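The residues making up each chain are set out below.
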Amino acid sequence: MIWDWEYAIDVLPALAEASLVTLAATFWGFFFALIIGLVLALLRRSQIWLIRASTGFFVEFVRSTPLLVQLYLLYFGLPQIGITMTPFTVGVIGLAVHVGAYISEVYRAGLDNVPAGQLEAATALNFDSYRRMMFIILPQAIPPIIPALDNYLVLMFKDTSLLSAIAVVEMLQLAKILGSESFRFLEPMTIVGVFFIVMSLLAASGIRYVEARVGRGST
Amino acid sequence: MATETPIADGEPIIRFDKVRKCFGDHNVLDQLDLVVTRGEKLAIIGPSGSGKSTILRILMTLEPIDGGVVEIAGEPLWHLRRNGSLVPADEKHLRRMRRHIGMVFQHFNLFPHMTALGNVTAALTHVLKMPKKEAEERGVQLLHRVGLADKLNSRPSQLSGGQQQRVAIARALAMRPSIMMFDEATSALDPELVGEVLNVMRDLAHEHDLTMVIVTHQMGFAGEICDRVSFIDSGRIVEEGPPDRVLKQPREQRTQSFLRAVLDS
């Protein structure tokens, strides 16, 4: 099979459009994953044993089953209990919960690294538990874990390709459709690959920039 | 136990009544009775592990008690009075009681992500909801008082241990507590930095209404600024009284051997 420039240029606009779906899924997925991860990490530190234990079980469950299975479960399972959503929404929820479970462990490491004396000093100054977390603990817990979060952003970005399995027309899904119409997979798949490389590199350098800024702010 | 009646016979502001605290099988405080009157400056001395820091941590509500009652200004600290009996306190009660008390820690525990001024004003703005400008005025004034007017915008990592501890003192004072507690405030400092922190504490001791409870190994300093010294061992007060008496003519053998060991080192 020989590379066909004409065909490549032909499919480029459609793929570029589908890349917006990939980017949107990554953005929203990661946005909610950051929130879900934090909530899970905080629940795991709850003073109530039952909350700690059930959160731990949930995190382990999510982490030890494949994302693809979870996406199928959500996509085919939710309508069974009367909840219907667009494939895109289901995909974002699936990504957010899956990556959120992993990220909760990252947050946990960050929270555990804040010395106990910080909590004690905040208590001695009569901070309530919410403000203690918001103004004292999290600002110290988060900057050191940004590099680890960066990894999960890139992982999630690549995992958006799994959404093709639940009929989200993101880049990979479109490449498959185009390929099966024209019997030429080389060009669309290559374009998808290049797109992922370029975006991953951009994301990594973007996060390094944020990291440097946050790092400066906290020393 | 060799005990005299407290020197100042004012109203009690702190009262421990048969307080018990255990960590596992180990009784850290054993039926401890202790009364501190308003404005009194009390030094608690004793070997490490004797329970002296635990007394401060209980007062700061960092450690719950396992038995007995602690009262602050006549009100139970760890309990609520309900229908004539005492029930365990909730967070709301603890937060109300904490307003009376400030604490300075051995390892300063400054917030590393804030400037010196930020450390002093954080609780003013977030806890007392004071307007930023007013909080900063108070913060600047307090940092001035501890001799750090030129370090307002320095981060803790840019300050020496002595400077950090002085920021920590200003931070605790900002909340205007009626009880200030110092938990081995100079133990983590290089010897040449101890003096600057002691000077700030000495200055505070002139405040007539401020109650101070100091856990320290600086016997000379304790004798100089405190009205009373309590020697604690194995979770009990072995001996207490005026510093001149307890430090210079201890009656109990346990106190004598402790002081001899400390002063020899």
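*Asks:* What is the right way to look at the overall build of chain B in this model?
*Replies:* A tally of regular secondary structure across chain B gives nine helices and 13 strands. The C-alpha extent of chain B, read off along each of the three principal axes, is 55 × 50 × 35 Å. Restricting the contact set of chain B to residue pairs at least 6 apart, pairs at least 24 apart contribute 65%.

*Asks:* I would appreciate a short explanation of the overall build of chain A in the present structure.
*Replies:* Across its full length, chain A holds nine helices and zero strands. Put simply, chain A runs from its N terminus to its C terminus through helices and strands in the order α-α-α-α-α-α-α-α-α. The 219 residues of chain A split such that 32% are buried. Of the contacts made within chain A by residues no fewer than 6 positions apart, 78% connect residues no fewer than 24 positions apart.

*Asks:* Looking at this structure, I do not really get helix H6 (residues 191-205) of chain B. What am I missing?
*Replies:* Counting along an α-helix, one turn takes 3.6 residues, and residues three or four places apart therefore face a common direction. Residues and elements named next belong to chain B. The terminal C-alpha atoms of H6, which comprises 15 residues, lie 22 Å apart, in line with the 21 Å expected from a rise of 1.5 Å per residue. When H6 is considered as a whole, its buried residues turn out to be Val197, Leu198, Val200 and Met201. Axial view of H6: buried residues confined to an arc of 155°, hence all on one face. Buried residues along H6 sit in contact with helix H5 (161-174), strand S10 (179-183) and helix H7 (219-225).

*Asks:* For this particular structure, what's the right way to read the environment of Met134 of chain A?
*Replies:* Residues and elements named next belong to chain A. Note that Met134 resides in helix H6 (residues 129-141). According to the C-beta neighbour criterion, Met134 is partly exposed, with 13 such atoms within 10 Å. Taking the C-alpha atoms as reference, Met134 lies 21 Å from Ala148; in sequence the two are 14 residues apart.

*Asks:* Looking at this structure, I do not really get the nonpolar core. What am I missing?
*Replies:* Judged by nonpolar contacts, the single largest core of 115 residues is most densely connected at Ile44, Met103, Val104, Ala170, Met181, Val213 and Ile214 of chain B. Here this core gets 12 residues from one element, more than from any other, and that element is helix H4 (residues 87-112) of chain A. Ignoring anything within four residues of it in the chain, the contact list for Met181 of chain B reads Leu56, Leu59, Met60, Ile101, Gly102, Met103, Val104 and Val213 of chain B. Counting residues in hydrophobic clusters, the runner-up holds 10 residues, among them Ala18, Met171, Ala175 and Ile191 of chain A.

*Asks:* Where do I start with the interface of chain A and chain B in this structure?
*Replies:* Many descriptions give the size of an interface as the accessible area lost when the pieces come together. Taken residue by residue, the interface counts 17 residues in chain A and 21 residues in chain B. Secondary structure elements with two or more residues in the side of chain A that touches chain B: helix H5 (116-124) and H6 of chain A. Considering every element that reaches the side of chain A that touches chain B, the biggest residue donor is H5 of chain A, with six residues. Residues that form the side of chain A that touches chain B fall into these classes: seven nonpolar, seven polar and three charged.

*Asks:* Is there a simple way to explain the packing of helix H1 (residues 5-43) of chain A against helix H8 (residues 171-182) of chain A in this structure?
*Replies:* Think of two packed helices as two axes; the pair is described by the angle between the axes and how far apart they sit. Residue and element names in this part refer to chain A. Two numbers describe how H1 lies on H8: the axes approach to 8 Å, and their chain directions differ by 150°. Viewed along their axes, H1 and H8 adopt a mutual orientation that is roughly antiparallel. Crossing of H1 against H8: the hand is right-handed. Packed against H1, whose contacting residues are Tyr7, Val11, Ala14, Leu15, Ala18, Ser19 and Thr22, the element H8 presents Met171, Leu174, Ala175, Leu178 and Ser182 at the interface. Counted by class, the contact of H1 with H8 contains nine nonpolar, three polar and no charged residues.

*Asks:* Is there a simple way to think about H8 of chain A in this case?
*Replies:* End to end, H8 of chain A covers 16 Å across 12 residues, agreeing with the expected 16 Å (1.5 Å per residue, within 8%). Within H8 of chain A, burial applies to Met171, Leu172, Gln173, Leu174, Ala175 and Leu178 of chain A.

*Asks:* I tried to follow the sheet that holds strand S3 (residues 26-37) of chain B on my own but got confused; where do I start?
*Replies:* The pairing of strands in a sheet comes from backbone hydrogen bonds and takes either a parallel or an antiparallel form. Residues and elements named next belong to chain B. Spatially, the four strands line up as an open sheet ordered S3-S2-S5-S6, and their pairing is antiparallel. Every other strand in the sheet has two partners, leaving S3 and strand S6 (75-76) as the edge strands with one partner each. Strand direction decides the pairing type here: strand S2 (residues 12-23) and strand S5 (residues 67-72), joined by five bridges, are antiparallel. The partner of Arg15 across the bridge, within S5, is Glu71. Across the sheet, helix H1 (residues 52-59) touches S2, S3 and S5, and the angle it forms with S2 is around 115°.

*Asks:* Help me understand the pairing of strand S8 (residues 85-88) of chain B, please; the structure alone is not making it clear to me.
*Replies:* The two faces of the sheet receive side chains in turn, since in a regular strand these alternate between them. Residues and elements named next belong to chain B. Across four bridges, the pairing between strand S7 (residues 79-82) and S8 is antiparallel. Paired with His79 across the strands is Pro88, a residue of S8. Between S7 and the antiparallel strand that follows it, S8, lie two residues; Asn83 among them carries a positive phi value of about 50°.

*Asks:* Whenever I open this one, the pairing of strand S4 (residues 41-45) of chain B confuses me. Can you help?
*Replies:* Residues and elements named next belong to chain B. Burial analysis of S4 places five of its five residues in the buried class, the great majority of the element. Burial of S4 is two-sided: the residues Lys41, Ala43 and Ile45 facing one way and the residues Leu42 and Ile44 facing the other way are all buried. Of the strand pairs in this sheet, S4 and strand S12 (residues 228-233) are connected by four bridges, and their pairing is parallel. Across the sheet, residue Ile44 finds its bridge partner in S12, namely Ser230.

*Asks:* I tried to follow unusual backbone geometry on my own but got confused; where do I start?
*Replies:* What you tend to see is this: most non-glycine residues have negative phi, and most peptide bonds are trans. Residue and element names in this part refer to chain A. A positive phi angle is found at Ala167, which is not glycine, with a value near 65°. For Ala167, the position within the fold is in the loop between helix H7 (146-159) and H8. Of the residues examined, Ala167 has 13 C-beta atoms within 10 Å and is grouped as partly exposed.

*Asks:* Mind showing me how you'd approach the confidence of the model for chain B here?
*Replies:* Reading predicted coordinates in detail is not appropriate for stretches of low pLDDT. The predicted model of chain B averages 91 in pLDDT, with 96% of residues at 70 or higher. Model confidence for the complex is summarised by a pTM of 0.85, with the ipTM given as 0.90.

*Asks:* I tried to follow the packing of helix H3 (residues 116-126) of chain B against helix H4 (residues 132-145) of chain B on my own but got confused; where do I start?
*Replies:* Residues and elements named next belong to chain B. Packing of H3 against H4 brings their axes to within 9 Å, and their N-to-C directions diverge by 130°. One element, H3, and the other, H4, form an angle in the oblique class. Handedness of the crossing formed by H3 with H4: right-handed. In contact with Ala116, Leu117, Val120, Thr121, Leu124 and Thr125 of H3, H4 contributes Lys132, Ala135, Glu136, Arg138, Gly139, Val140, Leu142 and Leu143.

Rules of the game
Residues numbered from 1 in each chain as written. Chains lettered and ligands numbered in written order. Predicted model: local features only at pLDDT ≥ 70, side-chain atom pairs only at ≥ 80, totals over all residues. Helix = DSSP H or I, 4+ residues; strand = E, 2+ residues; numbered from the N terminus. Contact = placed C-beta atoms within 7 Å. Buried ≥ 20, exposed ≤ 12 C-beta atoms within 10 Å, placed from the backbone. Expected span 1.5 Å × (residues − 1). Arc of directions from axis to C-beta. Core = buried A, V, L, I, M, F, W, Y, C linked by C-beta atoms within 7 Å. Nonpolar A, V, L, I, M, F, W, Y, C, P; charged D, E, K, R; others polar. Axes fitted to C-alpha atoms, helices over the stretch in contact; angles between N-to-C directions. Parallel < 35°, antiparallel > 145°, perpendicular 65-115°, else oblique. Left-handed = near helix turned anticlockwise from the far one by under 90°. Pairing = 2+ DSSP bridges. pLDDT = per-residue confidence, 0-100.

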